[in-house]
Amino acid sequence: MQVKKINDWFEKFGRFEVKHRWAFITGLLIVTIIGCLGLPRLKLDNGEEDWFDNWDAVKQNQDHFESIFGSTDTLMAHITADDVFAPECLEMIDKLGDRLLAEVPYASSITSLMELSVPIGTDDGFEVTSPFEDGIPRKADGSVDEDSLKAKRDFILSRESLKNFLVSEDCTETWLIVNLEQYSEGLDEAMKKIAPPAMKIFNSDEFKSDKWIIRPTGLSYTEYEEEKATIEQCISRIGIGFLVMLIFLVIFIRSLRGVIVPTIATVGAILTTLGYSAWMNITGNNTMIMVTVLLAMALAVGYAVHYINSFKLYFRKTGKRKESIVMGVRDSGWALFFTVITTMGGMLSFLAGGIKPMRWVGAITAAVVFMVFVYTMILLPCLYSFGKDKEPDPTFVDTAGSTKTDLRVEAMGKAILNKKWITVIVASVVMAVCIPGLFKIKVNMDYSEMMGERTPYIKRLMEITRSQLGGQYSYEVLVEYDQEDAIKNPQVLKNMDELSRRIGTLSMTKVSNGKERVSSVTKVIKEMNRTLNGDDSDYYVIPDDQDLVSQIMFLYEISGGSDLYDYVSEDFKAAYLHVDLSGYDAEECVQNVDMVEKWVKELFPQASNAGVVGEVMQYAVMNGKLVRGSIKSIGTSLIVILVLLIIAFMSFRTGFIAMIPNIAPIVIIAGVMGYFGINLDMITAMIMPMILGIAVDDTIHFTNHIKYHWELTGDYKKAILASYREIGKTMIMTTIILCGLFFIFLFSTMSVLVRLGYLSIIGLGSALVADYTVTPVLLYITKPFGKKK
């Protein structure tokens, strides 16, 4: 396929476009209006179901669990103080619990030092009561009864089910827990009802003091904070990115039309594409769209710079405006079109990922990239065609329109060709050094590490996690039988106790002062058995007699105990264990889940339904699928782009040669990740296909230009140096613009966006270096277009 013939076709198209410019502008306006009319129908969300390829099964299991035990969501406050049993701290806990119960939707009950259900031995047996049921003990004169307060504190600390669970043994930490009713709507809707009133209460002056620190947490609460923080970061990055785009346009283009058109192309392409997707009832993702918007900005500027520089090259030496417009379309049209195709190929490779948000961002970004090209190639030639011719600048006539910068770039290209073997050796050494780093990459998602402690709510959650009692996440282990009263079987209860002990040995299970944070109905039964036996700690065990177990449960229930049915179903067919996590390391979580599932099968072989329940662990499993899908998309993008390069140049050899400098940034990014311990997670896995899709643009421009000039001259060196002179500066400009847009991520409070920024800059920078050195040297050495003519 001869580039000259393709360029001749684009020249004819350019003349047709200039001749019928009003028809093109009108047609584009109609397309834009129709698209924008669909925007009111646009739906963007971040629904949890989108991230699971087996969401129906996950949701069914979760719904089944909640139909038995109620909501697994709670609103909690981790409270630290010099002494949480201090009267003023207890009064605060009491008032805080009352307000949360009264003002937060779905709040059903409170568990705190002031609201407990604890069995207490009496002369008649025992009763279930709350030590502070009558408030803080006071003397007749109204002062605090310190002796009585100390007795209540000592009693609470003597309960194995409370010490290092609800309150730390040194009395510096405690929990206030708001138990929530099961909500009918999804988490996205429920959290918007639960979190705002809770935030208002926690942040009110009534509960601020230098005597204690209150750190709120809970699934709906933190999910709301995450969404809020993510959206704020997205909006700020997009806003700053738009400003950066305008600055680069002013610096590089220095033309009003050159600033306006890329701006219109960016906004128009995004709004039109989203509008048409809304007409097709496609629901998008409100966080992933940031990738689409920023990429559209970068490419709109890049495409504009390529075309305008090509136009200016002819306009400086001829002074003929319309002819220069046509020549600009001729020389840049095919290269731009093919870079669009390859970038779309890179983004469409996300379809192989298997996760809905990834598929959506891949497809919508590919569509936006194409629309940016359409807007750019219609608006720039049409709008630049309005104006007068001018006298050729004598300065540029002798240099064929080239500036001093263009000539310096050409001189640099000559130096690179003169040291071609040094270039090959250096490139080979760099690749050889980076390749071992590939094998050091760990596939994992550590949520807290991804978000980073510069994000305020993550810092608070990490402070909770590092505390004695704190845990950021949790999961449940369900044990269900077909027979009623199966849970009353002492052996089943002992096996649950054994499972608790084993889970306590796992890497991700929270341990507080040597005690594993695993709760179940066995703690209630053991506490009751101890109370019935003179509060002897030796009886903090599961009784061997099933009738005694049944009697204990019955006595606890009729005595007013409220904790029993928190962990067991009313027909005693099912029970569960609640496990607090010490953090969120996806790979470790998956390994923990596998062990728990193995132990469950071993300890409860007769159970009809037993295993791990909870979206937290499902997300850990999903992360592995997501990263594997991303790796598949990287492989897919490599194959797709290689095939496109082979088709474009009608040569296997040229296609493979053009692919080499594009593999380089992938290897370098992977090497950096491996050597610096950066995990391959759901975000970093997206960088490589995206960078590959962008980086190949310069390769296509350069290779296409070299082939075109080789067809004209038959001389590889002349063709390469002419290409350096004519588009070398433009390649630098477009890379600076892309790096500038990713540079703004370095100032994000979210670590994952910071990594996205510097890894993208490394990839784009190395791609430019490879295209400036490796591409021309390989073409010069291998001579894939034929022998010198």
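Below is a summary of the structure that appears in this document. Just so it is clear, the model here is predicted, and its values are computed rather than measured.

**A look at the overall build of the protein chain**
Argument step 1. A tally of regular secondary structure across the protein chain gives 26 helices and 14 strands.
Argument step 2. Projected onto the principal axes, the alpha-carbon positions of the protein chain cover approximately 110 × 50 × 45 Å.
Argument step 3. When the 789 residues of the protein chain are sorted by exposure, 59% land in the buried category.
Argument step 4. Sequence-distant contacts, at least 24 apart, represent 80% of the contacts inside the protein chain between residues at least 6 apart.

**Quick look at the environment of Gly346**
Argument step 1. Mapped onto the elements of the fold, Gly346 is located in helix α10 (residues 321-348).
Argument step 2. As for Gly346 and Pro137, which are separated by 209 residues in sequence, their C-alpha atoms are 70 Å apart.
Argument step 3. When near neighbours in sequence (up to four residues on either side) are disregarded, Gly346 contacts Ser637, Ile641, Pro689 and Gly693.

**A closer look at the nonpolar core**
Argument step 1. Among the nonpolar cores identified, the biggest contains 221 residues, and Leu96, Leu100 and Phe604 are the most heavily contacted of them.
Argument step 2. Sort the elements by how many residues they give to this core and helix α9 (residues 289-318) lands first, with 20 residues.
Argument step 3. Those residues in contact with Phe604 that lie beyond four places of it in its chain are Val479, Tyr481, Val492, Asn495, Met496 and Leu499.
Argument step 4. Membership of the second largest hydrophobic core comes to 24 residues, among which are Ile657, Ala664, Leu721 and Tyr772.

**A look at helix α23 (residues 652-675)**
Argument step 1. For α23, built from 24 residues, the straight-helix expectation of 34 Å at 1.5 Å per residue is met to within 8% by its first-to-last C-alpha distance of 34 Å.
Argument step 2. Summarising burial for α23: 18 of the 24 residues are buried, a large majority.
Argument step 3. Here α23 starts with a cap whose side-chain oxygen sits 3.3 Å from the backbone nitrogen of Arg653, and that cap is Ser651.
Argument step 4. Just beyond α23, the residue with positive phi is Gly677, at close to 70°.

**Overview of unusual backbone geometry**
Argument step 1. Although it is not a glycine, Tyr106 adopts a positive phi angle of roughly 70°.
Argument step 2. Inspection of the secondary structure assignment puts Tyr106 in the loop between α4 (87-103) and β3 (107-111).
Argument step 3. One non-glycine residue, Phe572, lies in the positive phi region at around 55°.

**Observations regarding the sheet that holds strand β14 (residues 609-613)**
Argument step 1. Spatially, the 4 strands line up as an open sheet ordered β12-β13-β9-β14, and their pairing is antiparallel. With one partner strand each, in any of the chains shown, β12 (518-519) and β14 form the two edges of the open sheet.
Argument step 2. This element, helix α21 (residues 586-603), spans β9 (474-480) and β14 of the sheet and lies at about 165° to β14.

**Details of the state of the cysteines**
Argument step 1. Enumeration according to the criterion identifies 0 disulfides in this entry.
Argument step 2. Between Cys434, a free cysteine, and Cys739, which holds the nearest cysteine sulfur, the sulfur-to-sulfur gap is 17 Å.

**Brief notes about the environment of Ala352**
Argument step 1. Counting through the fold element by element, Ala352 comes out in the loop between α10 and α11 (356-384).
Argument step 2. Residue classification places Ala352 among the partly exposed positions, given a relative accessible area of 25%.

**As for the side chain of Thr342**
Argument step 1. Relative to the helices and strands, Thr342 resides in helix α10.
Argument step 2. With sequence-adjacent residues up to four places away left out, Thr342 is seen in contact with Ile641, Leu644, Gly693, Val696, Asp697 and Ile700.

**Structural notes on the sheet that holds strand β2 (residues 74-81)**
Argument step 1. Within the open sheet, the 4 strands sit side by side as β3-β6-β2-β7. Their pairing is antiparallel. Every other strand in the sheet has two partners, leaving β3 and β7 (212-217) as the edge strands with one partner each. Taken over all neighbouring pairs, the strand axes of this sheet differ in orientation by 20° on average, direction set aside.
Argument step 2. Across 7 bridges, the pairing between β2 and strand β6 (residues 173-180) is antiparallel. Bridge pairing in β6 links Ala77 to Leu176.

**Some details on the packing of aromatic side chains**
Argument step 1. Counting across every chain of the model gives 24 aromatic pairs.
Argument step 2. Ring centres of Phe743 and Phe747 lie 5.2 Å apart, and the angle between their planes is 75°; this geometry places the pair in the edge-to-face category.
Argument step 3. Overall, Phe743 belongs to the partly exposed group, its relative accessible area being 41%.
Argument step 4. Among the aromatic residues, those joined into a ring-pair cluster are Trp9, Phe10, Phe13, Phe16 and Phe24.
Argument step 5. Positioned above the aromatic ring of Phe132 is the side chain of Lys152, whose terminal nitrogen or guanidinium carbon lies 5.9 Å from the ring centre.
Argument step 6. Seen from the ring of Tyr780, Lys783 lies directly overhead, with NZ or CZ sitting 4.9 Å from the centre.

**Structural notes on the pattern of salt bridges**
Argument step 1. Applying the stated criterion across every chain yields a total of 28 salt bridges.
Argument step 2. As a salt-bridge pair, Arg501 and Glu498 come within 2.7 Å of each other at their nearest N and O atoms. In this pair, Arg501 and Glu498 are both assigned in helix α17 (residues 490-503), 3 residues apart and thus about one turn of the helix distant.
Argument step 3. Under the relative-accessibility criterion, Arg501 is labelled partly exposed at 45%.
Argument step 4. Classification of Glu498 as partly exposed rests on a relative accessible area of 25%.
Argument step 5. Ionic pairing is found between Arg502 and Glu602, a salt bridge with its closest N-O pair at 3.2 Å.

**Points about the packing of helix α2 (residues 21-37) against helix α8 (residues 256-279)**
Argument step 1. In contact at an axis separation of 7 Å, α2 and α8 are set at 55° when each is read in the N-to-C sense. Of the possible angle classes, the one that applies to α2 and α8 is oblique. Two packed elements cross with a definite hand, and for α2 against α8 that hand is left-handed. Together, Val31, Thr32, Ile34, Gly35, Cys36 and Leu37 of α2 and Leu271, Thr272, Gly275, Tyr276 and Trp279 of α8 make up the contact between the two elements.
Argument step 2. Residue classes in the contact of α2 with α8 are distributed as 7 nonpolar, 4 polar and no charged.

**A closer look at a negative patch on the surface**
Argument step 1. Among the surface-exposed residues, Asp98, Glu115, Glu127, Glu133 and Asp134 lie close enough to one another that they form a single negatively charged patch.
Argument step 2. Inspection of the secondary structure puts Glu133 in the loop between β5 (125-129) and α5 (146-158).
Argument step 3. Given a relative accessible area of 57%, Glu133 falls into the exposed group.

**Looking at a nonpolar patch on the surface**
Argument step 1. On the surface, a nonpolar cluster with roughly 770 Å² of combined accessible area is contributed by Leu29, Ile30, Ile33, Ile34, Leu37, Trp279, Met280 and Ile282.
Argument step 2. Looking at the nonpolar patch, the element that brings in the most residues is α2, giving 5 residues.
Argument step 3. On the secondary structure map, Leu37 appears in helix α2.

**So, α5**
Argument step 1. The end-to-end C-alpha distance of α5 is 18 Å, a good match for the 18 Å that 13 residues give at a rise of 1.5 Å each.
Argument step 2. Those residues of α5 that fall on the buried side of the exposure criterion are Leu149, Ile156 and Leu157. Relative to the axis of α5, the buried residues are bounded by an arc of 95° and lie together on one face.
Argument step 3. Each element contacted by the buried residues of α5 is listed here: α4.

**Quick word on the packing of helix α6 (residues 187-202) against helix α7 (residues 219-252)**
Argument step 1. Look at α6 against α7: their axes get within 8 Å of each other, and the N-to-C directions meet at 95°. Regarding the angle of α6 to α7, the classification is roughly perpendicular. Here Leu187, Met191, Lys192, Ile194, Ala195, Pro196, Ala198, Met199 and Phe202 of α6 lie close against α7, whose contacting residues are Leu219, Ser220, Tyr221, Glu223, Tyr224, Glu225 and Glu227.
Argument step 2. When grouped by side-chain class, the residues that make up the contact of α6 with α7 number 11 nonpolar, 1 polar and 4 charged.

About the cut-offs
Residues numbered from 1 in each chain as written. Predicted model: local features only at pLDDT ≥ 70, side-chain atom pairs only at ≥ 80, totals over all residues. Heavy atoms only, no water. Helix = DSSP H or I, 4+ residues; strand = E, 2+ residues; numbered from the N terminus. Buried < 20%, exposed > 50% of the residue type's maximum accessible area, 1.4 Å probe, protein only. Contact = heavy atoms within 4.5 Å. Core = buried A, V, L, I, M, F, W, Y, C linked by side-chain atoms within 4.5 Å. Expected span 1.5 Å × (residues − 1). Polar contact = N/O pair within 3.5 Å; in protein donor to acceptor, adjacent residues only side chain to side chain. Pairing = 2+ DSSP bridges. Axes fitted to C-alpha atoms, helices over the stretch in contact; angles between N-to-C directions. Disulfide = S-S within 2.5 Å. Phe/Tyr/Trp six-rings, centres within 6.5 Å; stacked < 30°, edge-to-face > 60°. Lys NZ or Arg CZ within 6 Å of the ring centre and 35° of its normal. Salt bridge = Lys/Arg side-chain N within 4 Å of Asp/Glu carboxyl O. Parallel < 35°, antiparallel > 145°, perpendicular 65-115°, else oblique. Left-handed = near helix turned anticlockwise from the far one by under 90°. Nonpolar A, V, L, I, M, F, W, Y, C, P; charged D, E, K, R; others polar. Patch = residues over 30% accessible without salt bridge, like charges linked within 9 Å, V, L, I, M, F, W, Y side chains within 5 Å. Areas by Shrake-Rupley, 256 points an atom, 1.4 Å probe, with all protein chains shown as cover. Lys, Arg positive; Asp, Glu negative; His and termini not counted. Charge placed at Lys NZ, Arg CZ, Asp CG, Glu CD. Arc of directions from axis to C-beta.

None of the figures reported here should be taken as evidence of function without further support.
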